[in-house]
Amino acid sequence: MYPYHVSNRNGLHSKGHLLKVIGEGELFLPPDIASVNLGVVTESKELIPAQQQNSAEVTKVINAIKTLGIPQNLIQTSDYRIDTEYDYEQGKQLFRGYKVTHLLQVKTEELSLVGKVVDTAVQNGANYVSNVQFSLKNKDSYYLHALALALNNASEKAKTIATTIHVTLNPTPTSVVESSSSVQPIHFQADALAKGFSSTPIEPGQLKVKAVISAEFHYQTTV
């Protein structure tokens, strides 16, 4: 910290000092939207039959999910790829076949449906499930609230320090820097859910929205 000098109205001099604090603001909120990645992985020695089988199974999965009341625009392809697979024996590369992967991202605001979506997809041919995620639709507005809490927290810290050391604090910060931000969604790595379990229990819990700032305040001590 580097001191500086200012003049007051009486012509006296005060020594100015810099006070730096960290402010944190947190909100704990129930999520209001969920998503899950699921799909079909098909392996075959022939590419065209693998594509056709994969397409038929994915269509069946989509139609089954739509019967739960989830609209088409909330069921989107998140990944589609064709991989060539090989085995290696005694240093030689041996062609094994093709793998066709078609993954969907399914979103819903009915959080109680998430387990049913997983079960329905698996029962209708999905053999890949991952990344069940709960989050917030309007996370930016919640983050701004957490940011305001962080600034208030920094101000209260500065006031407490100034009172404790008996100095005069300028309550308006001269510098505020956003240090970090996070809206921490809840993830479920759900690979095991594709094993054919029924009535999959998936609880949304709560989300933490956090803002951290660093702030600088000037305080004065009379010489």
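These lines cover the structure that appears in this document, whether it is placed above or below. All figures in this text were calculated on a predicted structure; none of them were measured in a lab. (Residues numbered from 1 in each chain as written. Predicted model: local features only at pLDDT ≥ 70, side-chain atom pairs only at ≥ 80, totals over all residues. Heavy atoms only, no water.)

Digging into the packing of aromatic side chains
Move 1: Inspection of the entire model under this criterion finds two aromatic pairs.
Move 2: Both rings, one in Tyr86 and one in Phe95, keep their centres 6.1 Å apart while their planes meet at 75 degrees; by these two values the pair is edge-to-face.
Move 3: Their ring planes at 65 degrees and their centres at 5.2 Å tell us that Phe95 and Tyr98 sit as a pair that is edge-to-face.
Move 4: Site record: aromatic cluster; members linked through ring pairs are Tyr86, Phe95 and Tyr98. (Phe/Tyr/Trp six-rings, centres within 6.5 Å; stacked < 30°, edge-to-face > 60°.)

Notes on the environment of Val114
Move 1: Tracing the backbone shows Val114 in helix H2 (residues 114–123).
Move 2: C-alpha separation for the pair Val114 and Val36, spaced 78 residues apart in sequence, amounts to 7.8 Å.
Move 3: Among all residues touching Val114, those that are not within four sequence positions of it are Ala34, Thr108, Val132, Phe134 and Ile202. (Helix = DSSP H or I, 4+ residues; strand = E, 2+ residues; numbered from the N terminus. Contact = heavy atoms within 4.5 Å.)

Some words on H2
Move 1: Judged by how many residues are buried, H2 sits mostly within the fold: eight of ten residues are covered.
Move 2: Looking at H2, one finds that the buried residues are Val114, Gly115, Val117, Val118, Asp119, Thr120, Ala121 and Val122.
Move 3: Looking at the buried side of H2, the elements it contacts are strand S3 (33–44), helix H1 (47–66), strand S5 (92–108) and strand S6 (128–135).
Move 4: Backbone geometry just downstream of H2 places Gly125 in the positive-phi region, at approximately 115 degrees. (Buried < 20%, exposed > 50% of the residue type's maximum accessible area, 1.4 Å probe, protein only.)

Overview of the environment of Thr168
Move 1: Positionally, Thr168 belongs in strand S7 (residues 168–169).
Move 2: Relative accessible area serves as the criterion here: at 55%, Thr168 is assigned to the exposed category.
Move 3: For the pair Thr168 and Tyr219, spaced 51 residues apart in the sequence, the C-alpha separation amounts to 5.4 Å.
Move 4: Excluding residues that lie within four positions of it along the chain, Thr168 makes contacts with His218, Tyr219 and Gln220.

Considerations on the pairing of S3
Move 1: Counting buried residues along S3, nine of its twelve residues qualify, which places the element largely inside the surrounding structure.
Move 2: Where S3 meets S6, six bridges bridge the pair, whose relative direction is antiparallel. Within S6, the position partnered with Gly39 by the bridge is Tyr128.
Move 3: Sheet analysis places S3 next to S5, joined by eleven bridges and oriented antiparallel. The residue of S5 that forms the bridge with Thr42 is Val100. (Pairing = 2+ DSSP bridges.)

What to know about the nonpolar core
Move 1: In terms of nonpolar packing, the biggest core is built from 23 residues, with Val36, Leu38, Val61, Ile65 and Val106 touching the most fellow members.
Move 2: Contributing elements (two or more residues each) for this core: S3, H1, S5, H2 and S6.
Move 3: Ranked by the residues each element gives to this core, the list is headed by H2, at five residues.
Move 4: Leaving out residues up to four positions away in the same chain, Val36 has contacts with Leu104, Gln105, Val106, Val117, Val118, Val129, Ser130, Asn131 and Val132.
Move 5: With 20 residues, the next largest nonpolar core counts Ala150, Ala158, Val209 and Ile213 among its residues. (Core = buried A, V, L, I, M, F, W, Y, C linked by side-chain atoms within 4.5 Å.)

So, the pattern of salt bridges
Where charged atoms from two side chains of opposite charge approach closely, those side chains can pair.
Move 1: Summed over all chains, the structure comprises ten salt bridges.
Move 2: Its salt-bridge partner being Glu216, residue Lys20 comes within 3.8 Å of it at the nearest N-O pair. Of this pair, Lys20 sits in strand S2 (residues 13–29) while Glu216 is found in strand S10 (residues 207–222), placing the two residues 196 residues apart along the sequence.
Move 3: Judged by its relative accessible area of 54%, Lys20 is exposed. (Salt bridge = Lys/Arg side-chain N within 4 Å of Asp/Glu carboxyl O.)

Points about the packing of H1 against H2
Move 1: Closest axis-to-axis distance for the H1/H2 pair is 9 Å, and the angle between their directions is 145 degrees. With respect to the hand of their crossing, H1 and H2 are arranged in right-handed fashion. Contacts between H1 and H2 involve Val61, Ala64 and Ile65 from the first element and Val117, Thr120 and Ala121 from the second.
Move 2: Considering only residue class, the contact of H1 with H2 consists of five nonpolar, one polar and no charged. (Axes fitted to C-alpha atoms, helices over the stretch in contact; angles between N-to-C directions. Left-handed = near helix turned anticlockwise from the far one by under 90°. Nonpolar A, V, L, I, M, F, W, Y, C, P; charged D, E, K, R; others polar.)

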